[in-house]
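# Structural features, examined
This is what each chain is made of:
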Amino acid sequence: MPASEDRTWLDALRQHVQTKPCVILRLDESDSGLLHASRRGLNEFTLARAHELCADIKPPTICLIFGKLSEWADPDKIEHFAYIGLVSSRSPVTTLETRIKIKRAVSMAPDTEQAMFALLNGTTHATQLQKKLRSSADVLVLSPKLSGALIDALVAIPANQGPIRAVAESLTAPKRYANFSAVQEDAVQTALKAFGLAASDRASRVELVGSQSTALARVPLMEDSVIEHDARAVPGYTLSASHITGRALFEKGTDKLEVFTANRRDLEHVFGVDLIYLNLTKKNIVMVQYKMLEPNGHLGEPTDWLYRPDPKMADEVRRMRAFASTHAAGPLEYRLNPEMFYLKFVRRNGSLANGSIITPIDHYERLLQDPSCKGPRGAFRISYNTLGGRYIRQGAFLDLIQSGYIGAYADTTSALNTLVEAILNGNRAVVAAVQSSRHEPDEAIAE
C-alpha cells in the first residue's frame, strides 16, 4: 500500500493484537458443512471447545478461520476456505467446554494454513508459526509479535484490505457522542432504522473508499460483501466523488437502501454532520442536522442540557428556507408537515444508545421568540427543561419518515445533489441514504 495513505485503522489493529493476540480456528469438514448451511453461515456463529484450548483467548480479538468442504458433485474434491473475523465473547458452557462466539467474519486470502505460512517464509516469525501449525489442536492462540507479523502480511494482499479493515474498525466503534465520528455512526444507524432494519441486518455490499474514515466500515456484513477502492470514487456515484468515503447497499423485501458518507476534511475537523434521507418510493426527502447539547450545572450531575447556536446557524436556516421554498409537494401529495429540515439534539459524551430530541426547523424558529429560551444575559438557548417535552422522539420520527407523512416532495435525486453540495461547501460531513425499489434501475447521483 502507498506509504502516503492514512492507515489509522491498521495502526490501531497492530496495537490491539499486542494485548489481545490473534487466534487460529480450524474447522473440520463436518463443522464446515454445518456452518455453511446455517442461517448466518461463517459470518456469525458459536462453537464449544475444550477449556484448555480457549483459556488464553482475550475477546474481542482477531480470529483466522480455516476449513474445507467436499464438493457436492465430486466428494473427492476438497474446497478450502479462509475467513477473518472476531472472537467477540468466551464463556464456560459445560464442565468440559467453553463457548466462543465469532462475528463479522468475511472471506480472506490465502485459503490454507500452508499458503499463509508462505507469506512469512524467510522472516524471523516463520519458525514460530510453523511450530504452532504442527499442533493438532483446533484452536491456536498466537503470540503478540507473530500476530502483528501476520496482520501485516495479510493486509499486504490488496483483496484483503477492505475485509480486514471492516473487521478492525468494529473494535473501535464509538459508544458516546464524543466527536463527529460518533455522530456519523448515529446518522448511519438512524438511516437504517428509517428503512426498517434491525441492528443485526447485514449489508449486501460495502465499498470503502481509499483509507478514509467512515461509519459504513462498521455496518453488519455478509461474508463476501466488502471491497476497498484505491481511487476515491464509487461506481455509479459521480457526485463529489473525490469526497465520498464509503457506500453500502441494503435490501429488504421489494426495496433497497443505498447509504453513502462524504466529507471534504477528516471527521475530526468538520463543523458538524447532516443526515439526508431520500425515499423515492414515497417521494419525500428529509434532512437532519445534528446539534450537540452541552451540560449545564455545577460540579456533579448536570441539572440541564443546553444548545447555544453558533453565528453560522442563522445563515444555515436561511439556506434551508430558500431550498424548501422550491420543493413544495404536488397537488395530490399529502404531508402532515411538508417541512424537510429537522434538528437532532444529542448530549455531548452521552451514550449513542440513549434518547435524543428532534424538532422541525419551523419549531426552532418559534423558539427563537420564546422568552423561556432566553438566558440570564439575553442569549438564546434551548434546553431539555424549557422544551418541556415539546419535541419528537426518534421512534415517532422514524415512523413518519417511513410513511412519507413528513418531508419535502422529491421524485429524483436532484434535490439530494443540491443538498450534499451545500453541506460539503459548509465544511460539514454528510450521510445520505436513498430508498428505492429493487425493480427500478439505479439512478446515478450525477454532478
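Described below are features of the structure shown in this document. (Residues numbered from 1 in each chain as written. Predicted model: local features only at pLDDT ≥ 70, side-chain atom pairs only at ≥ 80, totals over all residues. Heavy atoms only, no water.)

The next thing to look at is the environment of Met292. Within the secondary structure, Met292 is located in strand S12 (residues 284-296). Accessibility expressed as a relative area gives 15% for Met292, which makes it buried. Considering only alpha carbons, one finds Met292 and Ala178, 114 residues apart in sequence, at a separation of 9.8 Å. What Met292 contacts, discounting residues up to four positions off in sequence, is Tyr177, Val183, Leu306, Tyr307, Val346, Arg347 and Arg348. (Helix = DSSP H or I, 4+ residues; strand = E, 2+ residues; numbered from the N terminus. Buried < 20%, exposed > 50% of the residue type's maximum accessible area, 1.4 Å probe, protein only. Contact = heavy atoms within 4.5 Å.)

A few words now on unusual backbone geometry. With an omega dihedral of -5°, the bond running from Pro59 to Pro60 counts as a cis peptide bond. Along the chain, the position of Pro60 falls in the loop between helix H3 (51-54) and strand S3 (61-70). In this chain, Ala109 is followed by Pro110 through a cis amide linkage whose omega measures 0°. Residue position: Pro110 is located in the loop between strand S5 (97-107) and helix H4 (113-120).

Turning to the packing of aromatic side chains, a few remarks are in order. According to the stated counting rule, one finds seven aromatic pairs in the structure shown. Taking 5.7 Å as the distance between ring centres and 80° as the angle between the ring planes, the aromatic pair formed by Phe81 and Tyr83 counts as edge-to-face. Exposure remark for Phe81: the relative accessible area of 7% places this residue in the buried category. Given the relative accessible area of 4%, Tyr83 is considered buried. It is Lys252 that lies over the ring of Phe195; its NZ or CZ is 5.2 Å from the centre. (Phe/Tyr/Trp six-rings, centres within 6.5 Å; stacked < 30°, edge-to-face > 60°. Lys NZ or Arg CZ within 6 Å of the ring centre and 35° of its normal.)

Helical geometry note: an α-helix holds 3.6 residues per turn, so side chains three or four residues apart project in the same direction. Buried residues of helix H5 (residues 126-134): Ala126, Leu129 and Leu133, and no others. Buried residues in H5, looked at end-on, bunch into an arc of 65°, giving them a common side. Away from the buried face of H5 by more than 90 degrees, exposed residues Lys131 and Arg134 are located. In this structure, the buried side of H5 is in contact with strand S1 (23-26), H4, strand S6 (139-141) and helix H6 (144-155). (Arc of directions from axis to C-beta.)

Let us now look at the layout of surface pockets. When its volume is computed, the largest pocket comes out at roughly 900 Å³. Lining the largest pocket are 34 residues, and of these Lys175, Glu185, Gln189, Ala199 and Arg218 lie nearest its centre. Elements that contribute at least two residues to the lining of the largest pocket include exactly strand S4 (78-92), S5 and helix H8 (180-194). The calculated volume of the second largest pocket comes to roughly 660 Å³. Taken together, 31 residues form the lining of the second largest pocket, with Phe271, Gln289, Lys291, Glu316 and Arg428 sitting closest to its centre. Residue assignment for the lining of the second largest pocket shows that the elements contributing at least two residues are H8, S12, helix H9 (313-324), strand S14 (341-347) and helix H13 (414-425). Split by residue class, the lining of the second largest pocket holds 16 nonpolar, four polar and 11 charged. (1 Å grid on protein atoms, 1.4 Å probe; cavity = no way out; pocket = protein on both sides within 12 Å on 5 of 7 lines; lining within 4 Å. Points joined across faces, edges and corners; volume = space filled by probe spheres on them. Nonpolar A, V, L, I, M, F, W, Y, C, P; charged D, E, K, R; others polar.)

Because side chains alternate across strand S13 (residues 304-307), one face comprises the buried residues Asp304 and Leu306, and the other comprises Trp305 and Tyr307, equally buried. Alignment of S12 against S13, held across three bridges, turns out to be antiparallel. Within S13, the residue paired with Pro295 across the bridge is Trp305. In this structure, S13 lies alongside strand S16 (residues 382-383), joined through two bridges in antiparallel fashion. By the bridge assignment for S16, Tyr307 is matched with Ile382. (Pairing = 2+ DSSP bridges.)

Read these as layout, nothing more, since geometry by itself doesn't imply function.
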